Structures are given as structure tokens and as C-alpha cells.
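Observations on the model geometry
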Amino acid sequence: ARGSRALAPCSMRTLEMRLLQKCINTIMLARVLAAHPLINVHSSAVPSDPNHKLAQRLMHLGLPAPLFTIDFEAKPGEPRWLEPDAFKRFFDCLEPAFGLQVSLGQTNTVALCPGLTSHSELSGEALAEAGITPTTIRIAVGDEDPRTLLAHLLRAAELAIEPVKPGFMRQFPRMDEIDK
């Protein structure tokens, strides 16, 4: 009987291609989300990120790792603009395009909200010390078409965030700009 070892050589031959696709998808997703003034993106794929130049110098082909973090926290000194219920609705709406799992490293894109899952038992102080806000989402990017993921994310934002923050959707780049 054939075991999983029969697939290993084929999988290894396509590994670099799959990882390159994940990195390209990361660049697209992170940069589109970073273009929105109310979304904080933490990724070396974004030129303004403190680790961007380091990644350019040290990473294979200067590509980012296919894992990044976003949050919807207000700038220091500004009031919270996204209430927890609206954020939770947004996060829940990311499924099924984004897997909502604790397991990272899949071939499909997975979103994790550590404050609601893996780190939910930590105190607020411990979460802050770990750099985790109530709206932190970690995105492990897969090899799907990133336009499909963006379309789904935009629809989730339209359903969950736009009603509580009118004008939120207008601050995203237009799809024709994204395609460029």
C-alpha cells in the first residue's frame, strides 16, 4: 500500500513555488490593508515597517515571511473606535475564506485572534506586554488568490465595521488600484 512517503518528493519539488506564492500574497494583502488609515499592519512587506529593510537584506529574494499581524487599535491618545462586538462580528465573518484556527502553517490562509483564542486566559497586562491588543489578528497567508481573500475581507468589513464606523469602506483602495 502506498504511504504518505510517495507524495514527499512531489511536495518537495513544489515547495519553493508554493512559498513564493505565499510571500507574494503576503505583500499584496499587507500593503492593501496598510493603505487603510485605521488598520495597523505589522509586516516587513510594508515599506514603512521597521523590519522592512532588514527583511530586504536578509530574507530570500527580500521577500517577507507569510505571516503578519493587523489590529484596529486607535492611535495613542485617541478614543477606541471599534467596539469589541463589532470586531468579533468582523473576525467571525472572515470565515470561510480565512480559516479561523489556532494551527498556523497551512496551505490555506488562516486568521487567528490571540486575544480570543490562544492567549485568551492572559490578563490584559500580560497581553499588552506580549504586544497583543484586543483587536490583534495574526494572518498566516496561504497560496489562494489574494484578490479572493481581499474581496471576502472587504465584505466582512462592510457587514461588521461599516455600520458602526460609516465611511470605513471608502478608505480602502479601489479594486482597480489593488490590481495594479
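Residues numbered from 1 in each chain as written. Predicted model: local features only at pLDDT ≥ 70, side-chain atom pairs only at ≥ 80, totals over all residues. Heavy atoms only, no water.

For the rest of this paragraph, the subject is the packing of helix α3 (residues 84-93) against helix α5 (residues 146-160). Direction vectors running N to C along α3 and α5 enclose 150°, while the axes themselves pass 9 Å from each other. The angle between α3 and α5 places the two elements in the roughly antiparallel class. The two elements α3 and α5 cross, and the hand of that crossing is right-handed. Contact with α3, carried on its side by Ala86, Arg89, Phe90 and Cys93, involves His152, Leu153, Ala156, Ala157 and Ala160 of α5 and no other residues of that element. Its residues placed into classes, the contact of α3 with α5 shows 7 nonpolar, 1 polar and 1 charged. (Axes fitted to C-alpha atoms, helices over the stretch in contact; angles between N-to-C directions. Helix = DSSP H or I, 4+ residues; strand = E, 2+ residues; numbered from the N terminus. Parallel < 35°, antiparallel > 145°, perpendicular 65-115°, else oblique. Left-handed = near helix turned anticlockwise from the far one by under 90°. Contact = heavy atoms within 4.5 Å. Nonpolar A, V, L, I, M, F, W, Y, C, P; charged D, E, K, R; others polar.)

Time to look at the layout of surface pockets. Empty space within the largest pocket amounts to approximately 210 Å³. Every residue along the wall of the largest pocket is listed here: His42, Ser43, Ser44, Asp49, Pro50, Asn51, Ala55, Met59, Ala65, Leu67, Phe68 and Thr69. Sort the elements by how many residues they give to the lining of the largest pocket and strand β2 (residues 67-71) lands first, with 3 residues. When grouped by side-chain class, the residues that make up the lining of the largest pocket number 6 nonpolar, 5 polar and 1 charged. (1 Å grid on protein atoms, 1.4 Å probe; cavity = no way out; pocket = protein on both sides within 12 Å on 5 of 7 lines; lining within 4 Å. Points joined across faces, edges and corners; volume = space filled by probe spheres on them.)

Here the focus is the nonpolar core. Grouped together as the largest cluster of nonpolar side chains are 37 residues, with contacts concentrated most on Phe68, Ile70, Phe72, Phe90, Leu94, Ile137 and Phe168. Of all the secondary-structure elements, those providing two or more residues to this core are α1 (8-34), β2, α3, β4 (137-140) and α5. When residues in this core are grouped by element, the largest group, 7 residues, is from α5. Not counting residues within four places of it along the chain, the set of residues in contact with Ile137 comprises Phe68, Thr69, Ile70, Phe72, Phe87, Phe90, Phe91, Leu94, Ala111 and Leu112. (Core = buried A, V, L, I, M, F, W, Y, C linked by side-chain atoms within 4.5 Å. Buried < 20%, exposed > 50% of the residue type's maximum accessible area, 1.4 Å probe, protein only.)

Now for the sheet that holds strand β3 (residues 110-112). Pairing within the open sheet is antiparallel, and its 4 strands lie in the order β1-β2-β4-β3. The sheet terminates laterally at β1 (40-42) and β3, the two strands that pair on one side only. Pairs of neighbouring strands in the sheet enclose a mean axial angle of 25°, with direction left out of account. As paired elements, β1 and β2 share 3 bridges and run antiparallel to each other. Its bridge partner being in β2, His42 is matched across the sheet by Thr69. (Pairing = 2+ DSSP bridges.)

Let us now look at the pairing of β2. The element β2 is extensively covered by neighbouring structure, given that 4 of its 5 residues are classed as buried. Here β2 runs beside β4; their pairing, made up of 4 bridges, is antiparallel. Among the inter-strand pairings, Ile70 is bridged to a residue of β4, identified as Ile137.

Taken as a whole, this structure holds 6 aromatic pairs when the rule is applied. Ring centres of Phe72 and Trp81 lie 6.2 Å apart, and the angle between their planes is 70°; this geometry places the pair in the edge-to-face category. Residue Phe72 is classed as buried on the basis of its relative accessible area, which comes to 3%. Owing to a relative accessible area of 13%, Trp81 belongs among the buried residues under this scheme. Put simply, the rings of Phe72, Trp81, Phe87, Phe90, Phe91, Phe168 and Phe172 touch in pairs and so form one group of aromatic residues. (Phe/Tyr/Trp six-rings, centres within 6.5 Å; stacked < 30°, edge-to-face > 60°.)

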